[in-house]
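Commentary on secondary and tertiary structure
If you want the building blocks of each chain, they are given just below.
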Amino acid sequence: MKIAKNTVVTVNYKLSDAQDNLIEDGRQPMVYLHGGYENTLPKIEEELDGKEVGYSSIIQIEPEDAFGDYDASLVKVEERNRLPEPLEVGMQFEGMPDGEGGAEEAMIFTVTDIADDKVVLDGNHPLAGMALRFSLNVADVREATDEEIAHGHVHGAHGHHHGDEDDEGEEGDHVAIHPIH
Ligand SMILES: [Zn+2]
């Protein structure tokens, strides 16, 4: 079966940077709903569209087609007492960008520095500013269920798990912080 809109694609992958330094070994395959649902990078969909099980390739994706350029304005300094303990550099939190109303998508902030009573949170994607090289190998293609198409994501193994997703960001001029797993 060919990869087309509304198929569920299982793809084994390895991710490295443009210098071939391994970023993710992809021990867990990526499973995504194909067809512009933003389950994966558009360049990956473009590469795999029309292909079948067994297809493999290596593609390089520039930052503007991946996770964007590094944006220094996404770095925030927060009071340490607003964050849970224990706190370590590298921990990630889900938060809302401050001061821009509630319609924004939640962002992931990474703790990049801790100093006395302040914490530096970086809202850039850890892969922002990097060219990414994906080695891809298509392992499975199946038709999506009606429910998956309605939801815009894959269910089942490696797919989306429904939990309570209605935790709203707090109002105000701070980053609203929720620990993520
Ligand atoms: Zn769903």
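The rules behind the values
- Along each chain, the written sequence defines residue order, and numbers are assigned to residues from 1.
- With pLDDT at 70 or above as the cut-off, local features in this predicted model cover only qualifying residues; side-chain atom pairs require 80 or more to be listed or tallied, and sums for whole chains, interfaces and linings still use all residues.
- Side-chain descriptors were evaluated using all non-hydrogen atoms of the structure, hydrogens and water having been removed beforehand.
- Only runs of H or I of at least four residues qualify as helices and only runs of E of at least two qualify as strands under DSSP, and these elements are numbered from the N terminus.
- We call a residue buried when its accessible area falls under 20% of the maximum for its residue type, exposed when it is over 50%, and partly exposed in between, using a 1.4 Å probe and counting protein chains only.
- The contact criterion used throughout is that any non-hydrogen atoms of two residues lie within 4.5 Å.
- For every accessible area listed, the method is Shrake-Rupley and the probe measures 1.4 Å; residues are considered covered only by the protein chains on display.
- We define a polar contact as two N or O atoms separated by no more than 3.5 Å, with the added condition that, inside protein, one atom must be a possible hydrogen donor and the other a possible acceptor, whereas residues neighbouring each other in sequence contribute only through side-chain atom pairs.
- Here, nonpolar core means buried Ala, Val, Leu, Ile, Met, Phe, Trp, Tyr and Cys residues that are tied together by side-chain atoms lying within 4.5 Å of each other.
- A pair is scored as a salt bridge if a Lys or Arg side-chain nitrogen falls within 4 Å of a carboxyl oxygen belonging to Asp or Glu.
- Note on aromatic pairs: the rings of Phe, Tyr and Trp (six-membered ring only in Trp) are paired at centre separations within 6.5 Å, and the planes decide the class, stacked below 30 degrees, edge-to-face beyond 60, tilted for the rest.
- As a reminder, the over-ring test applies to NZ of lysine and CZ of arginine, requiring each to be within 6 Å of the ring centre and within 35 degrees of the ring normal.
- For two strands to count as paired, DSSP must find a minimum of two bridges between them.

1. Considering the overall build of the protein
Along the backbone of the protein there are two helices and 10 strands. What you see in the protein, going N to C, is helices and strands ordered as β-β-β-α-β-β-β-β-β-β-α-β. Every one of the 181 residues in the protein was classed for burial, and the buried ones make up 34%. Summarising the internal contacts of the protein: among those between residues at least 6 apart in sequence, 65% fall at separations of at least 24. Split by element, the accessible area of the protein, about 10,800 Å² in all, is 47% carbon and sulfur.

2. Remarks on the side chain of T7
Of note, T7 is situated in strand β1 (residues 7–17). Engagement of the side chain of T7 in a polar contact is seen with the backbone oxygen of A4, the distance being 2.7 Å. Setting aside residues up to four positions removed in sequence, T7 forms contacts with M1, K2, Y32, L33, H34, V141, R142, E143 and A144.

3. Re the nonpolar core
A general feature of soluble globular proteins is that nonpolar side chains tend to end up buried together. Residues V11, I44, L48, I61, F134 and L136 are the most contacted members of the largest nonpolar core, which totals 19 residues. Sorting elements by how many residues they give to this core places strand β9 (residues 132–143) first, with five residues. In this structure, L48 is in contact with I3, V11, Y32, Y55, L136 and V138, ignoring residues within four places of it in sequence. One finds L87, F93, V111 and L121 within the second-largest nonpolar core, a separate group that totals eight residues.

4. Comments concerning the pattern of salt bridges
Under the definition given, this model contains nine salt bridges. Of the charged contacts in the structure, one is a salt bridge between K2 and E52, with a shortest N-O distance of 3.7 Å. With K2 in the segment before β1 and E52 in the loop between α1 (42–48) and β4 (56–61), the pair connects residues that are 50 residues apart, well separated along the chain. The class for E52 is partly exposed, based on a relative accessible area of 38%. The closest approach of N and O atoms between R142 and E148, which form a salt bridge, is 3.0 Å. When its relative accessible area of 30% is taken as the criterion, R142 is described as partly exposed. Taken together, the salt bridges that share partners define one network made up of K43, E46 and D65.

5. A word on the packing of aromatic side chains
Tallied over the full model, the rule gives zero aromatic pairs. When the ring centre of Y55 is taken as reference, the NZ or CZ atom of K51 above it lies at 4.9 Å.

6. A closer look at unusual backbone geometry
Cis geometry marks the peptide bond from E85 to P86; its omega dihedral reads -5 degrees. In this structure, P86 sits in the loop between β5 (75–79) and β6 (92–95). In the Ramachandran plot, D20 falls in the positive-phi region, its phi being about 70 degrees despite a non-glycine side chain. Even without a glycine there, the phi angle at D116 is positive, about 45 degrees. Among the structural elements, D116 can be located in the loop between β7 (107–115) and β8 (118–122).

7. Focus on the pairing of β7
The pairing of β6 with β7 spans four bridges and is antiparallel. From the neighbouring strand, G95 faces β7, where its bridge partner is M107. The turn joining β7 and β8, which pair antiparallel and follow one another in sequence, is formed by two residues; a positive phi near 45 degrees is taken by D116.

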